[in-house]
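# Fold and geometry: a report
For reference, the chains in residue letters:
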Amino acid sequence: MTDNNSSNKQSYLLVCSGILLLTFIIYVSSVFFNFEQQVFLSWGMVLLALFIKTFIRNDQALKRIIIIFLCLFLTLRYWFFRTFDTLFFNTPMDIIFIAALYLAESYGILTYLLGVFVNIHPCERKLIKADLDDPALPTVDVFIPTYNEPAEIILTAATASINMKYPKDKLNVYILDDGGTVEKRNSPDPAAAEKARRRHEDLKAMASFLNIGYITRERNLHAKAGNITNALGSNTTGELTLILDCDHNPSRDLLVNTVAYFMKDEKLFLVQTPHFFINPDPIEKNLGTFREIPAEGELFFGAIQKGLDFWNSSFFCGSAAVIRRKYLEEIGGIATDTITEDAETSLMLHAKGYNSVYVDRPMICGLAPETFSDFILQHTRWATGMLQILLLKNPLFQKGLKFYQRLGYLNSCIYWLFGYARVIFMLAPMAYLFFGANVYNATISQVMTYAIPHMVAAIILTDYLYGRVRHTFVSELYETVQSFFVMPVLTRALLRPRSPKFMVTPKGTTLSSDFASPLAFPFYFLFFASVAAYPVALWRWHNNPLQQHGIIGCLIWVTFNFIMLLLCLGIVWEKRQIRTKHRIPVDKEAVLSAPFRGIKHNVRVFDISESGLGLTTEERLDLSPGDDILIDVADSYGNEYKFHMKITRAVPTDKGHLVGCEFLSTSDNTASDIIGFLYGDSEIFNRFWEKRRERSAGIWKGMGYLFIKGVTGTFNHFAGLSMQLYNYLTNKRRSYASETIPGEETQESAAGVVHCPVHNTDTINPDLVQSNRSGNTESAADQTN
Amino acid sequence: MPLTKLTDKSTVELKGAQSSYTLKLPVPERWDIIRAQLHLSYVNSTALLPERSKLSIRFNNHVLAQVTLQPRSPEGTIDLNIPARLLLNKYNDLEFYVTQNYTLDCSDPGAPELWTNVELNDSHIEIEYALKQVPLRLSSVANMLFDPKMFGPNTVNVVLESRTPELMHLAAVAASGVALRFEYRPVQFTVSGELLKGSDNIVIGSAKFLSGIMAGSGASMPSAPLAVLHMPGDRAHALIYIGGDTYAVMLKNAQAFSTLSYPLPDAGYALVKDIVLPAVSQYQGKNVVAQTTSYTFKDLGLTTRTFRGINPGSAALAFRLPADAMVKENENTALSIHLVYSAGLRSDSALNMNLNGKFAGSIPLNDEKGSRYQGYSIQIPGSLLKAGYNTLSFDAVLSPLKSGECIYLKTDNLIITLYDDSEVKIPSMQHWIEMPSLSAFVTDGFPFTKWPDFRDTTVLLTDKTAETAASALNLIAMISQKSGVQPFGINFSYELDPGTENDIIVIGPLNTVPEKILQGSPLASALQNPWDGHLRNISDRGTTVKKETADRNVRIGTRTVIEEGRLLVSEFESPFESERSVLLVTANGGRSLLQGAFALWEPVVQSGFTQDMLLVDLGPADPKVYTQEAGKKYYTGNVRGVNKLNYFLHKYFRASVAVLIISIILLAWIIYSLLKRHKKKRLGNE
C-alpha cells in the first residue's frame with residue numbers, strides 16, 4: 001500500500017513536472033525569433049536530431065522519445081508560424097486557397113502528432129505459447145465467412161484451418177456462407193438463384209468432406225458482420241472465435257500463439273495478428289516494388305498496431321483475430337452501424353473496459369487485391385467506415401474509453417481524411433502558377449527557416465519511427481494515388497453517414513494483358529497540368545519579378561507532386577497478371593530423389609506456391625523437363641513432407657541447376673500437405689517480412705528509388721498506350737482495307753481493346769469442387785435488399 | 001549658401017531635348033532682402049549644337065539669364081544678380097531649364113548625348129538681408145520668429161531663473177516648441193542667466209527675475225506672464241517671456257507657448273487661463289502611420305499630381321513607421337491606385353513605383369486610346385518597408401506614340417494624372433527591436449519617445465552648468481522635432497535614482513557621470529581593467545575608428561577620457577531595469593559637450609548614428625563621426641507571448657536554446673518514466 005502511494009506520488013510529480021516543461025517548450029515554439037536566431041534554432045535542432053539518431057546507441061526507448069520531441073518542436077514551431085504569421089488575405093480568392101491549404105496542413109500536422117503519440121513506445125511482446133495439454137484450454141470456433149469467393153479459395157482456408165495445431169475436440173471450423181442463403185437461393189432472378197443453389201450445395205459438400213461445419217442463414221442482413229453474428233447464435237459454442245477471411249489461410253501455430261493471452265487475462269476480448277499477403281498489391285505489382293520495399297499493410301501491422309497495443313487500443317481488423325465469444329455476445333455480436341464493423345466492434349468492447357492484444361507475428365497468408373480498381377474499392381470502404389465511426393461513434397465522446405484510447409481511435413479515424421489534404425497539396429501550387437492565387441504567404445527565407453526544417457524533421461522522424469516498414473515518401477504515394485477516389489466517397493459519407501454499404505473486395509483476379517486502369521484519368525489531367533506548370537512558371541518569372549520567391553517555392557512543390565504523379569501513372573498502368581498461384585520466397589533444405597535415375601541429392605528450395613516449387617542444385621544432375629521426382633522437405637516445426645513432383649523446367653547454372661517443378665496429385669492428402677507446407681509455417685511469412693524490412697534504403701536512396709520507379713512506370717504507361725494506339729490504328733486500316741478489297745478476309749486482333757480483369761478459375765482439386773468459380777464484385781447492398 | 005543646402009542632390013542632370021529642374025529657395029518672413037546674387041556652375045555635353053542648345057535660369061517664372069551651351073567649352077559658370085523684388089517671403093522657385101539639340105534639322109529627343117549637369121556643389125547664392133522688426137504679437141511666434149525658411153544658423157537663448165529640474169522641464173517644453181516650429185531646421189539653444197544680445201531670448205522665471213535682467217534697459221514689463229517683447233535696444237530680436245507666480249502657472253504658459261499656432265490673439269501677451277492638451281498614445285507622432293490602416297495619398301502629403309511630357313519627373317510621399325516596427329516580410333503593403341492617362345501614349349509607357357529606392361511595381365499605360373484605372377492593385381512585399389521613414393516614389397515614363405528621326409514629336413499629350421485619393425494600406429506590424437540602436441534613436445528618439453511625450457524618460461544632468469543644461473535642451477528639442485510631439489511628460493533630475501524604471505538620458509561631462517551609469521555602460525570594462533587606450537572590438541571598416549588613432553581619443557585608464565573637441569554618445573541597457581535604455585551623452589568638458597550637442601542637429605552627424613557608440617569629432621571642419629558596436633545586445637518590444645520571457649529568450653538566446661534542449665531531454669525522460677510505468681501495468685511480467 002505504501003509502495004503504491006509512493007509510486008502514485010512519484011507519478012503525480014512526474015506528470016506535474018512534465019506539464020511544466022511541456023508548457024515551456026510549447027511556449028518557446030511559439031516565440032518570435034529573428035532570422036539568424038531562427039536559422040540557428042531550426043537547423044540546430046535538425047542537426048541535433050540527426051546526430052542523436054545516428055550516433056547515440058544506448059537506451060533506444062529514451063532516444064526515441066528525445067528524437068520525437070526535438071522533431072515535434074520544429075513542427076509545432078512551424079504550425080505557430082503558419083497560424084500567426086501567414087494567415088492574411090488580400091482578396092476573397094486568397095481566403096479560399098490560403099484557408100484550404102492551412103487547414104490541410106493543420107490536418108496533416110494533427111495526424112502526424114497523433115501518429116507519433118500512438119507510436120511513442122510500441123509494444124514489443126514475447127510470444128506466449130499455449131500448453132495444448134492444458135485441460136483449461138478454451139474451445140475455439142473458426143469462422144470463415146464467405147460471400148462470392150471461388151470455392152477453391154474457401155477450400156484452402158478451411159484446409160489450413162483444420163491443419164492448425166490445437167486439440168481436435170476443442171477446435172471447430174465453420175464455413176459461414178452468405179452466397180447460398182435462403183434469400184439468395186430464392187432470388188427472383190433464376191440464374192442468380194441457380195448459382196446460389198449450386199454454391200450452397202458445393203460448399204456443403206466441401207464442409208462435409210472436410211468434416212467441418214457449414215452455416216448459412218435466411219437473409220443477407222448486415223453483410224459480413226451479420227453473417228458472423230448469425231454464426232454465434234447457430235449452435236456454435238466455442239469460448240473463443242477465430243475469424244478468418246476466406247482468402248486468409250492460417251498457419252499451424254496461430255492458435256498456439258494467441259490462445260494463451262486469453263487464459264492469462266480474463267478481460268481480454270481480442271488478439272489480433274497481422275495480415276500477410278502472398279501476392280503483390282496492384283501498386284507493388286505495377287511499379288515492380290514487391291520484395292523490394294515493405295508492403296502497404298506493413299506500416300499498420302508492423303508499427304501502428306504495436307503502438308496501439310501499448311495503449312490497449314489495437315483493434316480488430318476483420319480477420320486473423322481471436323475474439324472471446326462472451327464479450328462479443330455482450331454487445332450483440334459484431335457491430336453493424338458502420339461498414340468497418342471490425343474497428344467498430346473493438347471500439348465498443350474497449351469502451352466496456354475490455355482489453356486487446358496485438359501479436360506481431362504474421363500467421364495467416366492472404367491475397368491482396370489484384371487490380372487498382374479493387375484496391376481503391378477496398379480502401380474507400382475502410383476510409384468510409386472509419387469516417388462513419390468518427391461521425392456516428394466519435395471516440396472522443398465514447399463513454400468508458402481511456403484518454404489514450406480515444407486518441408488512438410481518433411488517429412485511426414481521421415487518418416482517412418488524407419484525401420482532402422492530398423488533393424489540396426496537389427492543386428495549390430498550380431492554383432498559384434496558373435491563376436495567381438495566393439496560397440501561402442511566406443518568403444523564401446521563411447520557408448527555409450520554418451517550413452523546410454519542419455519537413456526535414458518530419459522525414460527524419462518518420463524514417464526513424466517507421467523506416468523499417470515504410471520507406472520515405474511511400475506513404476505520400478499511397479495517399480496521393482488514393483486521394484482522388486477517396487475524397488468523393490468520403491464527401492458522400494460526410495453528408496449521409498448512414499448510407500454507405502459494405503462492398504466485398506474481389507480476390508484472385510487475373511489480368512490477361514497490360515492496360516490502363518479506368519481510374520487513370522485524374523492522373524493524366526494532373527500530369528499534363530504539371531508539365532504545363534513549368535512554362536507558365538517561366539512566364540510568371542519574367543512578368544512578376546516580385547513574386548520570384550513564390551514561383552521558386554511552387555516550382556519545387558510542383559516538382560515533388562510531379563514525381564508522385566509519375567509514380568501514380570506507373571501504378572494505373574495495370575500489368576498483366578496470369579499467375580494464379582503466387583510464389584513466396586523461402587530458403588529450405590530438401591532432398592531431391594529420382595529413383596528411376598538413381599539420383600538422391602541435397603537441394604535448396606528457394607520458392608514455393610500452391611502449384612509447385614523452385615529449387616537449386618549444387619551440381620549438374622541428369623534432369624530434364626517432364627521427369628518425375630520426389631522432394632523430401634520439412635517445415636520449421638519439424639513436420640516432414642514428401643511431394644511427388646514433375647519437373648517443368650531445368651535451367652543449368654554455373655554449378656548446378658535451377659529447377660522448377662509442379663506438384664502431382666497422388667493422394668487425397670496431397671492438397672492438404674501442400675497447404676500445410678505452404679501456409680502452415682508462419683516462419684516463412686515472418687522471414688519474408690524480415691528480409692524485406694532489412695532493405696531499408698535511407699531517405700535519399702529511397703527518394704531516388706521512387707523517382708526511378710516513377711519514370712519507368714510512366715514510360716511503360718505511355719509506351720503501352722502508344723503501342724495499343726498503334727495496334728488499334730493498324731487494325732483499323734487493315735479492317736478498312738479488307739472492307740474495301742472484296743475477297744480479303746477480316747483479321748481479328750486482340751490488341752487495341754480494353755482488357756478486363758479475368759477472375760481466377762483454377763482449382764486445387766477438381767474432384768472436390770464443382771462450382772461456378774467466377775468471382776464477381778457484388779454489393780452487399782444486394783444482400784440486405 | 002551652397003545650393004546643395006536646398007536639395008539632397010549635388011548635381012542636377014538635365015537630359016533630353018528639353019528638361020528642367022526647380023529648386024525651392026526659402027526666404028523667411030523675418031528677412032528684408034537687400035541684394036541676392038547667384039553663382040552657378042555647369043557642364044554640358046560636347047555633342048550639343050550651340051545654335052539650338054540653351055540654358056535658361058528662371059526665378060519665380062522670370063527669366064534671369066539665357067546661356068548658350070558651348071560644346072567647345074563645356075564647363076561654364078554664370079554669375080547673376082537676382083532682383084530683390086523677386087525674392088518673396090516664401091519658397092521661391094529657382095529653375096534651370098535647358099533645350100538641347102545636336103543637329104539643326106531634327107534630334108532624337110532622348111539621345112544620350114543631350115545632357116547638361118548643373119554642379120550644385122560649386123554653385124551658391126549670396127543673400128544680403130536685414131532683419132525686420134519683430135511685431136509684438138504672440139502670433140509672430142508661429143508665423144515669423146521660428147520659421148523653417150530660415151536656413152540658419154538659428155540660435156535661441158533660454159534664460160532661466162534657476163536650473164532646477166522644474167524649470168528645466170519648462171525650458172525643454174519651450175525649446176521643443178521652438179524646434180517644432182522650425183520643422184526640420186537645426187536650431188541651437190544656449191542657456192544663461194541673463195539675456196544674450198543679438199539673439200532671440202526666451203526668459204523663464206518669475207516677474208521679479210524678468211525685471212531683474214531687464215533692469216536698466218528702460219523696457220517696460222509685460223502685462224501678462226506669456227508675452228513677446230523686443231530685446232532691450234534691439235527690435236529685430238524677440239524676448240519671449242514665459243513666467244508666472246507659481247510653477248503651475250509657468251507650466252501652463254510654457255505649454256501654451258509650445259503649442260500656440262494660430263494668429264489670435266493678435267496681441268503681444270496673453271493670460272493663459274487653461275490649456276487642454278490632446279491625449280497622447282504610444283507610437284504617435286509626425287508622419288507616423290498605423291498598422292492595417294489605409295491612407296489616401298493626400299493624407300500622406302501627396303496631392304493629385306499630373307505628369308506631363310517626355311521628362312515628367314517624379315512624385316513621392318513619405319510616411320514613418322515607428323523605429324521599433326517589425327513588419328513581417330511576407331506581408332504586403334497594398335496600393336490601390338487611381339489614375340487616368342491620355343490617348344496617344346506608346347504601349348511601353350508606364351508608371352513605376354519605388355519604395356525606399358527599390359523597384360516595387362509598375363502600372364502599364366498601354367492603351368493607345370488612353371484609359372483610367374480605378375483601384376489598380378499593387379502588392380509591395382513587406383520586406384521593402386523599414387522602420388523609420390519610408391518613401392514611396394512614382395516615376396512616369398511616357399513615350400509618344402509617333403517617334404523617330406525627323407518626325408515632329410507631339411509631347412503635349414503625354415499626360416498622366418495620379419489622384420490623391422489613391423490609397424496605401426499599411427500591413428500589420430509588431431514592435432520588436434534589437435537594442436541598443438542609435439539609428440532608432442536618431443529616427444524618432446526611440447526608445448525615449450515610445451510614449452512621444454517622454455513620460456517614461458528621465459533626463460539626468462550630471463552637473464548644474466549652463467552648458468550641460470543647454471546640451472540637454474538641444475537634445476530634447478532635436479528629438480521633439482523628429483517625433484513631432486512636445487515632451488510634456490519629461491522628468492529632469494540631478495540625482496541618480498537607482499530605483500528608476502524609466503529610460504534615462506544622461507548628459508554631462510564624463511568626470512561627473514555617476515559611477516553606476518558608467519559601470520553599466522560599454523565603458524565599464526575599461527573602468528574595471530585599466531584600459532590600454534583604445535575602444536574594444538574596433539574594426540577597420542569605413543567610418544569606424546581605427547585602432548592606431550583610437551588611443552588618443554579615449555584614455556579612460558588615466559581618467560582623461562575624451563579629448564577636448566569630441567562628443568561621445570553611447571546607448572546601453574539600463575543597469576536598473578531590464579528592457580530600459582540609457583543614452584549617455586558626454587564629453588571632456590562643458591564646452592565640448594555643448595558644441596557636440598549643436599553638432600547633433602547636423603544631418604551629417606545624424607547620418608552617422610549607427611550601432612551603439614559613437615564619437616563625434618568636432619574639429620574645425622565638418623564634424624566627423626566614428627561608430628562601433630561596443631555593448632551587449634538586449635531586446636525590447638511587444639511580440640506575441642510574455643514580454644519579459646521573450647526578453648530573456650532573446651537576450652540570452654544561446655543559453656535559452658540550451659535550456660530548451662535540456663527541457664526536451666528532461667521531458668523525454670519524464671515521459672519515458674511514465675511510459676515505463678504504463679508498460680509495466682499493461683504487460684506485467686510478460
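Residues numbered from 1 in each chain as written. Chains lettered and ligands numbered in written order. Predicted model: local features only at pLDDT ≥ 70, side-chain atom pairs only at ≥ 80, totals over all residues. Heavy atoms only, no water.

## A few points about the overall build of chain B
- Secondary structure summary: chain B contains 13 helices and 37 strands in total.
- Here the C-alpha coordinates of chain B stretch approximately 100 × 100 × 55 Å along the principal axes.
- Taken across its 686 residues, chain B has 54% of its residues classed as buried.
- When contacts within chain B are restricted to residue pairs at least 6 apart in sequence, long-range pairs at least 24 apart make up 76% of them.
- In the form shown here, chain B has an accessible surface area of approximately 29,000 Å², with 50% of it arising from carbon and sulfur atoms.
- One way to put it: in chain B the 65 positive side-chain charges average out to a point 5 Å from where the 66 negative ones average out. (Helix = DSSP H or I, 4+ residues; strand = E, 2+ residues; numbered from the N terminus. Buried < 20%, exposed > 50% of the residue type's maximum accessible area, 1.4 Å probe, protein only. Contact = heavy atoms within 4.5 Å. Areas by Shrake-Rupley, 256 points an atom, 1.4 Å probe, with all protein chains shown as cover. Lys, Arg positive; Asp, Glu negative; His and termini not counted. Charge placed at Lys NZ, Arg CZ, Asp CG, Glu CD.)

## Quick word on the sheet that holds strand β17 (residues 628-634) of chain A
Residue and element names in this part refer to chain A.
- Taken together, the 6 strands give a closed barrel; going around it, the order is β14-β15-β16-β19-β18-β17, and neighbouring strands pair in antiparallel fashion. Taken over all neighbouring pairs, the strand axes of this sheet differ in orientation by 45 degrees on average, direction set aside.
- Alignment of strand β18 (residues 640-652) against strand β19 (residues 657-663), held across 7 bridges, turns out to be antiparallel. When the sheet's bridge partners are listed, I647 is paired in β19 with C661. (Pairing = 2+ DSSP bridges. Axes fitted to C-alpha atoms, helices over the stretch in contact; angles between N-to-C directions.)

## Things to note about the pattern of salt bridges
- Tallying each qualifying case throughout the model produces 49 salt bridges over all chains.
- Here D253 of chain A and R361 of chain A are joined by a salt bridge, their closest N and O atoms 3.8 Å apart. Of this pair, D253 of chain A sits in the loop between β5 (249-250) and α9 (259-264) while R361 of chain A sits in the loop between β9 (355-358) and β10 (364-366), and the two are 108 residues apart along the sequence. A single burial state applies to D253 of chain A and to R361 of chain A, both of which are buried.
- As a salt-bridge pair, K588 of chain A and D681 of chain A come within 3.2 Å of each other at their nearest N and O atoms. With K588 of chain A in strand β14 (residues 584-594) and D681 of chain A in the loop between α21 (669-679) and α22 (682-693), this pair connects stretches of sequence that are 93 residues apart.
- Among the residues examined, D681 of chain A registers a relative accessible area of 0% and is labelled buried.
- Among the ionic contacts, a cluster of salt bridges with common partners joins D85 of chain A together with K328, E331 and R640 of chain B. (Salt bridge = Lys/Arg side-chain N within 4 Å of Asp/Glu carboxyl O.)

## Looking at the interface of chain B and chain A
- Every contact between the two is made by 47 residues of chain B and, on the other side, 58 residues of chain A.
- Together chain B and chain A conceal approximately 4,800 Å² of surface at their shared face, both sides included; 69% is due to carbon and sulfur atoms.
- Counting the contacts that link chain B with chain A gives 3 salt bridges.
- Of the charged contacts in the structure, one is a salt bridge between D85 of chain A and R640 of chain B, with a shortest N-O distance of 3.2 Å.
- There are 17 residue pairs in polar contact (both at pLDDT 80 or more) connecting chain B and chain A.
- At the level of elements, β22 (358-364), β23 (371-381), β27 (429-435), α12 (643-651) and α13 (653-683) of chain B are the ones that each hand at least two residues to the side of chain B that touches chain A.
- Ranked by residues supplied to the side of chain B that touches chain A, first place goes to α13 of chain B with 24 residues. (Buried area = accessible area lost by both parts, 1.4 Å probe. Polar contact = N/O pair within 3.5 Å; in protein donor to acceptor, adjacent residues only side chain to side chain.)

## A few points about the packing of aromatic side chains
- What the rule picks out here adds up to 54 aromatic pairs over all chains.
- Judged by centre distance (5.1 Å) and plane angle (70 degrees), the ring pair of F33 of chain A and F653 of chain B falls under edge-to-face. Here F33 of chain A is found in the loop between α1 (2-30) and α2 (35-55), whereas its partner F653 of chain B is found in helix α13 on a different chain. Here the two residues F33 of chain A and F653 of chain B agree in accessibility, since each one is buried.
- Centroid distance F276 of chain A to W689 of chain A: 5.9 Å. Interplanar angle 55 degrees. Geometry classified as tilted. You can see F276 of chain A sitting in strand β7 (residues 276-277) and its partner W689 of chain A sitting in helix α22, a full 413 residues away along the chain. Both residues of the pair, F276 of chain A and W689 of chain A, count as buried.
- Through a chain of ring-to-ring contacts, the aromatic side chains of F372, F375, Y478, F484, F485 and F523 of chain A assemble into a single cluster. (Phe/Tyr/Trp six-rings, centres within 6.5 Å; stacked < 30°, edge-to-face > 60°.)

## Re empty space enclosed by the protein
Residue and element names in this part refer to chain B.
- Here the structure, examined in full by the defined rule, presents 7 cavities of 30 Å³ or more.
- Estimated volume of the second largest cavity: approximately 70 Å³.
- As for the second largest cavity, its lining consists of Y283, Q284, V288, R320, P322, D444, F446, T449, K450 and S483.
- A per-class count over the lining of the second largest cavity returns 4 nonpolar, 3 polar and 3 charged. (1 Å grid on protein atoms, 1.4 Å probe; cavity = no way out; pocket = protein on both sides within 12 Å on 5 of 7 lines; lining within 4 Å. Points joined across faces, edges and corners; volume = space filled by probe spheres on them. Nonpolar A, V, L, I, M, F, W, Y, C, P; charged D, E, K, R; others polar.)

## As for helix α19 (residues 521-543) of chain A
Residues and elements named next belong to chain A.
- Over its 23 residues, α19 extends 33 Å from the first C-alpha to the last, a length consistent with the 33 Å expected when each residue adds 1.5 Å.
- Along α19, the sharpest kink reaches roughly 25 degrees, centred on Y534 and followed within four residues by the proline P535.
- Among the residues of α19, P522, F523, Y524, L526, F527, A529, S530, A533, A537 and R540 are the ones counted as buried. (Expected span 1.5 Å × (residues − 1). Bend = angle between axes of the 7 residues up to and from the residue.)

## Section: unusual backbone geometry
- A cis amide bond, omega -5 degrees, links M435 of chain B with the succeeding residue P436 of chain B.
- Note that the residue after F446 of chain B, namely P447 of chain B, is joined by a cis bond; omega there is 10 degrees.
- Mapping P447 of chain B onto the fold places it in the loop between α5 (438-444) and β28 (457-461).
- Here the phi dihedral of F473 of chain A falls at roughly 70 degrees; this positive angle occurs in a residue that is not glycine.
- Along the chain, F473 of chain A falls in the loop between α17 (444-466) and α18 (474-495).
- With phi around 45 degrees, N60 of chain B is a residue other than glycine that occupies positive phi space.
- Along the chain, the position of N60 of chain B falls in the loop between β4 (54-59) and β5 (62-68).
- Among the residues examined, N60 of chain B registers a relative accessible area of 15% and is labelled buried.

## Notes on the sheet that holds strand β24 (residues 388-397) of chain B
All names here are of chain B.
- Reading across the sheet, the 4 strands line up as β18-β24-β21-β22 and stay open at both edges, with antiparallel pairing between neighbours. Each edge of the open sheet is held by one strand with a lone partner, namely β18 (314-321) and β22. Taking the axes of each pair of neighbouring strands and ignoring which way they run, one obtains an average angle of 20 degrees across the sheet.
- Note that strand β21 (residues 350-355) and β22 share 6 bridges and pair antiparallel. Residue pairing for β22: M353 is matched across the bridge by G361.

## Concerning the environment of S517 of chain A
Residue and element names in this part refer to chain A.
- Checked against the element boundaries, S517 lands in the loop between β12 (515-516) and α19.
- What makes S517 buried here is its relative accessible area of 4%.
- Taking C-alpha positions, S517 is 24 Å from K501, a pair spaced 16 residues apart along the chain.
- Ignoring any residue separated from it by four or fewer positions in sequence, one finds S517 in contact with F372, S373, V572 and E574.

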